[in-house]
Amino acid sequence: MTVREATRIVTAHRQREGGGFIVRRPVPTLGMDQVDPFLLIDEMGPVDYAPGQAVGAPDHPHRGFETVTYIMDGAFRHQDSNGGGGLITDGATQWMTAGAGILHIETPPEALVISGGLFHGIQLWVNLPAEQKWTAPRYQDIGAARVTLLSSHDGGALVRVIAGEIAGHAGPGVTHTPITLVHASINPGAELRLPWRREFNGLVYVLAGRGTVGSRRTPVRTAQLAAFGAGDLISVTADLAQESRSPNLDVLVLGGEPIGEPVAWYGPFVMNTHEELAQAVDDYRRGRMGTIPATHLGN
């Protein structure tokens, strides 16, 4: 099997989003635009909120793609105009297909706002091909217990398969666009070798720690994203010395089959033409994307 080598390393920049929370964004950023089919990768936190500090994103529309929110620490509350909703807690994933159009709101639960606490999550925007941009909206609540857990051959790494497939082991996420999404924790000095579909691109984003990627041992560290060239296998090795606050190397490994279509993007809408964007804006202004029910989702 051919080990993929890193072709580019970028460091995430900080940006304010939603109601005022800070994200670290490796895609898009200077030196790396969208990585088809991934439009955006945001890391929310890690942050230890003081009482009254936690904020979310007020109600807003989407059309033409999917949002994937994976929470590692803390909790986030979701509600949308299609009836989807729930509390996303440690290790859970919310997979929302905006498709033809949806409104949703993302907020911290009341308990987190009042008491404060640790929060850390990832949100991805995954593009849809033209033939699926008008698909009906869908919501998937993937609890932590449903994630497929694997370990490396020597036990040096724990792998959580959220979507896609690793060596015949499938994750629970149902995707329109073929992708694989994995969260791996690698012990100091250990190497993780993941078989990877050749037709997929490959990315590794470092959530915490230090290590190297590929057979050339290209260094990577917290908040850096490595993009890989062709091959059948992704290799990630944790440095022997890690920071005390990050005892392991924690990485997000993801990749997908490029769609290869024109992308027209305006705020929360991602279509193929500017005419379709104009239609999305008009549909939203006319209330054609529905309304969010006034129901309480709990703490």
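Residues numbered from 1 in each chain as written. Predicted model: local features only at pLDDT ≥ 70, side-chain atom pairs only at ≥ 80, totals over all residues. Heavy atoms only, no water.

The next subject is the sheet that holds strand 1 (residues 6-11). To summarise the sheet geometry, strands pair through backbone hydrogen bonds and adopt either a parallel or an antiparallel arrangement. Strand order in the open sheet formed by seven strands is 1-22-19-24-17-14-13, and the pairing between neighbours is antiparallel. The open sheet has two edge strands, strand 1 and strand 13 (148-151), and neither has a second partner. Here the average twist between neighbouring strands, direction ignored, is 20°. (Pairing = 2+ DSSP bridges. Helix = DSSP H or I, 4+ residues; strand = E, 2+ residues; numbered from the N terminus. Axes fitted to C-alpha atoms, helices over the stretch in contact; angles between N-to-C directions.)

Within the largest apolar cluster, 28 residues are counted, with the highest numbers of intra-cluster contacts made by Leu124, Leu181, Leu203, Tyr205, Leu252 and Leu254. Within the residue set of this core, elements represented by two or more residues are strand 4 (38-49), strand 6 (65-73), strand 11 (117-127), strand 14 (157-163), strand 17 (179-186), strand 19 (203-208), strand 22 (224-228) and strand 24 (249-256). Setting aside anything within four residues of it in sequence, one finds leucine 203 in contact with Val35, Phe38, Ile41, Leu225, Ala226, Ala227, Phe228, Leu252, Val253 and Leu254. With 26 residues, the next largest nonpolar core counts Ala6, Val161, Phe200 and Val236 among its residues. (Core = buried A, V, L, I, M, F, W, Y, C linked by side-chain atoms within 4.5 Å. Buried < 20%, exposed > 50% of the residue type's maximum accessible area, 1.4 Å probe, protein only. Contact = heavy atoms within 4.5 Å.)

Turning next to the packing of aromatic side chains. Two descriptors summarise a pair of aromatic rings, namely the distance from one centre to the other and the angle between the planes of the rings. Considering all chains together, one arrives at four aromatic pairs under this definition. Judged by centre distance (5.8 Å) and plane angle (40°), the rings of tryptophan 125 and tryptophan 265 are tilted. Pair noted here: tryptophan 125 is in strand 11 and tryptophan 265 is in strand 25 (residues 264-266), with a separation of 140 residues, a long-range link. We classify tryptophan 125 as buried; its relative accessible area is 10%. Residue classification places tryptophan 265 among the partly exposed residues on the basis of a relative accessible area of 29%. Among the aromatic side chains, those forming a connected cluster through ring pairs are Tyr49, Phe76 and Phe119. (Phe/Tyr/Trp six-rings, centres within 6.5 Å; stacked < 30°, edge-to-face > 60°.)

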